[in-house]
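# Tertiary structure, described
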Number of protein chains: 2
Amino acid sequence: MALLSILTPVLAAILCLVIGFMMVKSQQSEAPTTAEGKTKGASKTPVRPWVDQDLQDDSEITTGGGDDNDWDDSNEEEDLAHVPYSPPRYLEEKMLQRSKDFYTLMNQRRTVRFISPEPVPREVIDNVILTAGTAPSGAHTEPWTFVVVSDLDMKHQIRLIVEEEEEMNYRQRMGDKWVTDLAKLRTNWIKEYLDVAPYLILIFKQTYGMVPNSKKKTHYYNEISVSISCGILLAALQNVGLVTVTSTPLNCGPQLRHLLKRPVNEKLLMLLPVGYPATDATVPDLKRKRLDDIMVKI
Amino acid sequence: MALLSILTPVLAAILCLVIGFMMVKSQQSEAPTTAEGKTKGASKTPVRPWVDQDLQDDSEITTGGGDDNDWDDSNEEEDLAHVPYSPPRYLEEKMLQRSKDFYTLMNQRRTVRFISPEPVPREVIDNVILTAGTAPSGAHTEPWTFVVVSDLDMKHQIRLIVEEEEEMNYRQRMGDKWVTDLAKLRTNWIKEYLDVAPYLILIFKQTYGMVPNSKKKTHYYNEISVSISCGILLAALQNVGLVTVTSTPLNCGPQLRHLLKRPVNEKLLMLLPVGYPATDATVPDLKRKRLDDIMVKI
């Protein structure tokens with residue numbers, strides 16, 4: 001009791017300091033630095049012991065940004081001239097057929113770990129990246145960078161970094177309830193496809209940009225924007241018959257960013273090995289939810 | 001100095017307590033409740049004064065989850081039988097043409113606020129939602145719920161909630177550096193299309209699920225997964241000639257969740273009004289970055 005009565009007021013004082021510290025930091029929007037793990041606030045570190053720092057969307061920590069609710073109609077574009085917009089319009093039968101065909105195509109998409117080393121036409125990859133770049137983004141900031149790696153040595157260095165982190169993650173989590181068999185796990189941290197796939201696409205989110213006056217310009221909703229862009233990228237890959245493994249490498253974002261010489265405002269969001277499926281490729285026989293399980297009509 | 005020398009060990013002790021407390025909480029995955037604003041930790045509240053609580057991806061706050069780096073190859077599916085996978089393979093010329101055609105289609109997509117009230121075939125919307133449901137997700141949790149609203153009264157109630165919050169957001173942020181003209185802003189918080197569009201699609205992320213033993217099952221990377229699903233949904237809409245406004249309503253997630261009677265584990269991520277573009281629709285004359293500005297070759 002005596003000890004507690006001493007601790008209580010001190011605890012209050014320290015929490016106030018921490019709160020003040022965090023508020024100042026977030027207002028200076030130094031959050032990206034925080035995510036880099038360079039200057040971690042005492043109140044942040046313990047909260048996220050395992051999560052990949054690069055998966056925190058720091059932009060949302062800053063104030064403002066609510067003005068961008070309609071993403072591509074941000075204040076910054078209200079000064080732009082408006083032009084007529086009349087996209088192709090399809091008859092209802094045609095519309096229905098197109099909706100069925102696209103569903104059939106996308107429903108064939110699967111995460112495939114068995115990727116063929118066969119070369120893939122570079123121009124196809126360029127078009128896939130261009131397509132991903134058509135995604136909407138908060139205030140039309142287009143906060144994405146797609147690093148396409150085909151260099152054998154670089155792919156191997158990426159594999160080593162990812163596998164080292166993966167093995168650590170698994171070993172550190174051996175106590176976890178759903179981690180039971182080390183032999184089984186081992187197969188999980190070996191990523192042969194990172195060497196084999198003709199292309200590795202590393203997708204970075206730009207948590208902030210630089211404006212002429214060299215001030216930081218926060219990219220609101222950058223993580224959601226880049227994830228939406230990834231969805232369009234996955235559709236573009238499926239459309240040309242290529243496969244990938246949707247992965248978010250845990251904790252190795254900073255190392256990979258340094259390896260690929262990306263600036264500090266960019267955080268790794270996804271790593272996609274891309275290629276044709278191997279001729280003997282297999283996938284787990286999983287099912288998808290039915291329409292009634294994912295849609296509610298009102 | 002004396003004071004410091006007394007505080008230092010105490011600070012260490014208190015931080016340990018905080019760490020333990022947070023880890024226990026996160027293991028019980030009570031984070032979603034936190035996001036609801038019911039039990040805010042002192043270390044969280046001040047950090048995010050403005051952000052929509054529903055945009056926090058609480059799953060990443062919990063421990064574990066690193067095992068899901070390869071999303072659809074999570075431990076939970078390792079017991080599933082593997083089946084051969086051989087999707088259609090296209091000749092290089094065909095591949096290249098398909099990649100160009102899909103880019104052309106997606107590059108025509110624009111955020112359109114002028115939506116026609118004309119009815120849209122229900123079955124087309126169903127297929128679009130089905131297509132969005134083919135997205136990959138952490139541990140194949142498929143953590144999405146698509147609420148499709150066509151009821152006139154419900155659409156209007158949604159509009160009232162969104163506009164009220166929008167107006168508050170703008171007024172409260174009048175001091176903001178890039179908020180200069182109230183008259184101009186006013187046009188931003190009027191969302192007529194929420195009444196006019198034949199369908200409103202509200203996309204919820206399920207931050208956790210329930211397993212048979214009625215324990216909470218954390219949905220890792222649920223925000224990224226649902227955002228990717230949104231990207232595929234936008235592609236599916238564009239493919240049938242429908243338009244939308246990509247929006248993330250600030251701060252009204254909880255109100256809309258209650259209005260739509262969604263469970264507490266679901267958080268609103270996006271609100272998409274969907275329909276044909278109005279015949280006199282216009283869009284800001286904005287440009288997209290060039291390939292060299294978004295892609296890096298290594």
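Because the structure is a prediction, the values reported are computed rather than measured.

The rules behind these values
- Residues numbered from 1 in each chain as written.
- Chains lettered and ligands numbered in written order.
- Predicted model: local features only at pLDDT ≥ 70, side-chain atom pairs only at ≥ 80, totals over all residues.
- Heavy atoms only, no water.
- Helix = DSSP H or I, 4+ residues; strand = E, 2+ residues; numbered from the N terminus.
- Contact = heavy atoms within 4.5 Å.
- Areas by Shrake-Rupley, 256 points an atom, 1.4 Å probe, with all protein chains shown as cover.
- Phe/Tyr/Trp six-rings, centres within 6.5 Å; stacked < 30°, edge-to-face > 60°.
- Lys NZ or Arg CZ within 6 Å of the ring centre and 35° of its normal.
- Buried < 20%, exposed > 50% of the residue type's maximum accessible area, 1.4 Å probe, protein only.
- Core = buried A, V, L, I, M, F, W, Y, C linked by side-chain atoms within 4.5 Å.
- Pairing = 2+ DSSP bridges.
- pLDDT = per-residue confidence, 0-100.
- Salt bridge = Lys/Arg side-chain N within 4 Å of Asp/Glu carboxyl O.
- Expected span 1.5 Å × (residues − 1).
- Polar contact = N/O pair within 3.5 Å; in protein donor to acceptor, adjacent residues only side chain to side chain.
- Axes fitted to C-alpha atoms, helices over the stretch in contact; angles between N-to-C directions.
- Parallel < 35°, antiparallel > 145°, perpendicular 65-115°, else oblique.
- Left-handed = near helix turned anticlockwise from the far one by under 90°.
- Nonpolar A, V, L, I, M, F, W, Y, C, P; charged D, E, K, R; others polar.

### Quick look at the overall build of chain A
Counting its secondary structure elements, chain A contains 11 helices and nine strands. Restricting to contacts in chain A with at least 6 residues of sequence separation, those with at least 24 account for 80%. Carbon and sulfur atoms form 59% of the exposed surface of chain A, whose accessible area is close to 11,700 Å².

### Points about the packing of aromatic side chains
Within a pair of aromatic rings, the relevant descriptors are the distance that separates the centres and the angle that separates the planes. Applying the stated criterion across every chain, the model contains one aromatic pair over all chains. Taking the centre distance of 6.1 Å and the plane angle of 25° together, the rings of Phe-102 of chain A and Phe-102 of chain B count as stacked. Placement of Phe-102 of chain A in helix α4 (residues 92-107) and of Phe-102 of chain B in helix α4 (residues 92-107) is noted, with the two residues assigned to different chains. The ring of Tyr-276 of chain B has Arg-89 of chain A sitting right over it, with the charged end atom 3.6 Å from the ring centre. Its end group placed over the ring of Tyr-208 of chain B, Lys-216 of chain B keeps NZ or CZ at 4.8 Å from the ring centre.

### A few points about helix α5 (residues 122-132) of chain A
In an α-helix there are 3.6 residues to a turn, and that puts residues three or four apart on one side. Within α5 of chain A, nine of the 11 residues are buried, which leaves it mostly tucked inside the rest of the structure. For α5 of chain A, the full list of buried residues reads Val-124, Ile-125, Asp-126, Asn-127, Val-128, Ile-129, Leu-130, Thr-131 and Ala-132 of chain A.

### A short note on the nonpolar core
By size, the foremost hydrophobic cluster in this structure holds 84 residues, and its most contacted members are Ile-129 and Leu-242 of chain A together with Ile-129 and Leu-242 of chain B. Ignoring anything within four residues of it in the chain, the contact list for Leu-242 of chain B reads Met-95 of chain A together with Val-120, Val-124, Ile-125, Leu-237, Val-274, Gly-275 and Tyr-276 of chain B.

### Let's talk about the sheet that holds strand β7 (residues 266-275) of chain B
Spatial ordering of the open sheet is given by β9(A)-β2(B)-β3(B)-β7(B)-β6(B), a layout of five strands whose pairing is mixed. Sheet topology places β9 (295-297) of chain A together with β6 (243-244) of chain B at the edges, where each strand pairs with a single neighbour. As defined by bridge partners, β9 of chain A adjoins strand β2 (residues 144-149) of chain B across three bridges and the pair is classed as parallel. Following the sheet pairing, Met-295 of chain A is matched in β2 of chain B by Phe-146 of chain B.

### Some points on unusual backbone geometry
Residues and elements named next belong to chain B. One non-glycine residue with positive phi stands out, namely His-140, at about 50°. Structurally, His-140 is set in the loop between α5 (122-132) and β2. In the Ramachandran plot, Tyr-221 falls in the positive-phi region, its phi being about 55° despite a non-glycine side chain. Relative to the helices and strands, Tyr-221 resides in the loop between β5 (216-218) and α9 (222-239). Exposure remark for Tyr-221: the relative accessible area of 3% places this residue in the buried category.

### Quick notes on the confidence of the model for chain A
All names here are of chain A. With 68% of its residues at a pLDDT of 70 or more, chain A shows a mean pLDDT of 78. In this model, residues 22-68 is a region of pLDDT below 50 whose contacts with residues beyond four sequence positions or in other chains number 136 contacts. Taken over the whole predicted complex, pTM reads 0.77, whereas the ipTM for its chain interfaces reads 0.77.

### Quick notes on the sheet that holds strand β2 (residues 144-149) of chain A
If you trace the five strands from one edge of the open sheet to the other, you get β6(A)-β7(A)-β3(A)-β2(A)-β9(B), paired in mixed fashion. With one partner strand each, in any of the chains shown, β6 (243-244) of chain A together with β9 (295-297) of chain B form the two edges of the open sheet.

### A few points about the pattern of salt bridges
Residue and element names in this part refer to chain A. Applying the stated criterion to the full structure yields 20 salt bridges over all chains. Among the salt bridges present, the one from Glu-163 reaches Arg-159, with a minimum N-O distance of 2.7 Å. Of this pair, Glu-163 and Arg-159 both sit in helix α6 (residues 152-172), four residues apart, which is roughly one turn of that helix. By the burial criterion, Glu-163 is buried, and Arg-159 matches it.

### Examining the pairing of strand β3 (residues 199-206) of chain B
Residue and element names in this part refer to chain B. Counting buried residues in β3 gives eight out of eight residues, a clear majority hidden from the surface. With burial as the criterion, each face of β3 is covered, one bearing Tyr-199, Ile-201, Ile-203 and Lys-205 and the other bearing Leu-200, Leu-202, Phe-204 and Gln-206. Bridging between β2 and β3 involves six bridges; their strand directions are antiparallel. In the strand pairing of β3, Val-149 is matched with Leu-200.

### Describing α6 of chain A
All names here are of chain A. Between the first and last C-alpha of α6 there are 30 Å, a value that for 21 residues agrees with the 30 Å anticipated at 1.5 Å per step. Residues of α6 that are buried: Met-154, Lys-155, Ile-158, Arg-159, Ile-161, Val-162, Glu-163, Glu-165, Glu-166, Asn-169 and Tyr-170. Its side-chain oxygen at 3.2 Å from the backbone nitrogen of Asp-153, Asp-151 defines the N-terminal cap of α6.

### A word on the packing of α5 of chain A against α4 of chain B
Where α5 of chain A contacts α4 of chain B, the axes come no closer than 9 Å and their chain directions differ by 15°. In terms of orientation, α5 of chain A lies roughly parallel with respect to α4 of chain B. Considering the relative orientation of α5 of chain A and α4 of chain B, their crossing is left-handed. Across the interface between the two elements, Glu-123, Val-124, Asn-127, Leu-130 and Thr-131 of chain A from α5 of chain A touch Met-95, Leu-96, Ser-99, Lys-100, Phe-102, Tyr-103 and Met-106 of chain B from α4 of chain B. For the contact of α5 of chain A with α4 of chain B, the residue count by class is seven nonpolar, three polar and two charged.

### Things to note about the environment of Val-240 of chain B
Locating Val-240 of chain B in the fold gives a position in the loop between α9 and β6. Between the C-alpha atom of Val-240 of chain B and that of Val-128 of chain B, which follows or precedes it by 112 residues, the distance is 8.9 Å.

### Topic: the pairing of β2 of chain B
The element β2 of chain B is extensively covered by neighbouring structure, given that six of its six residues are classed as buried. In β2 of chain B, alternate side chains face the same way, and those of Trp-144, Phe-146 and Val-148 of chain B on one face and Thr-145, Val-147 and Val-149 of chain B on the other are all buried.

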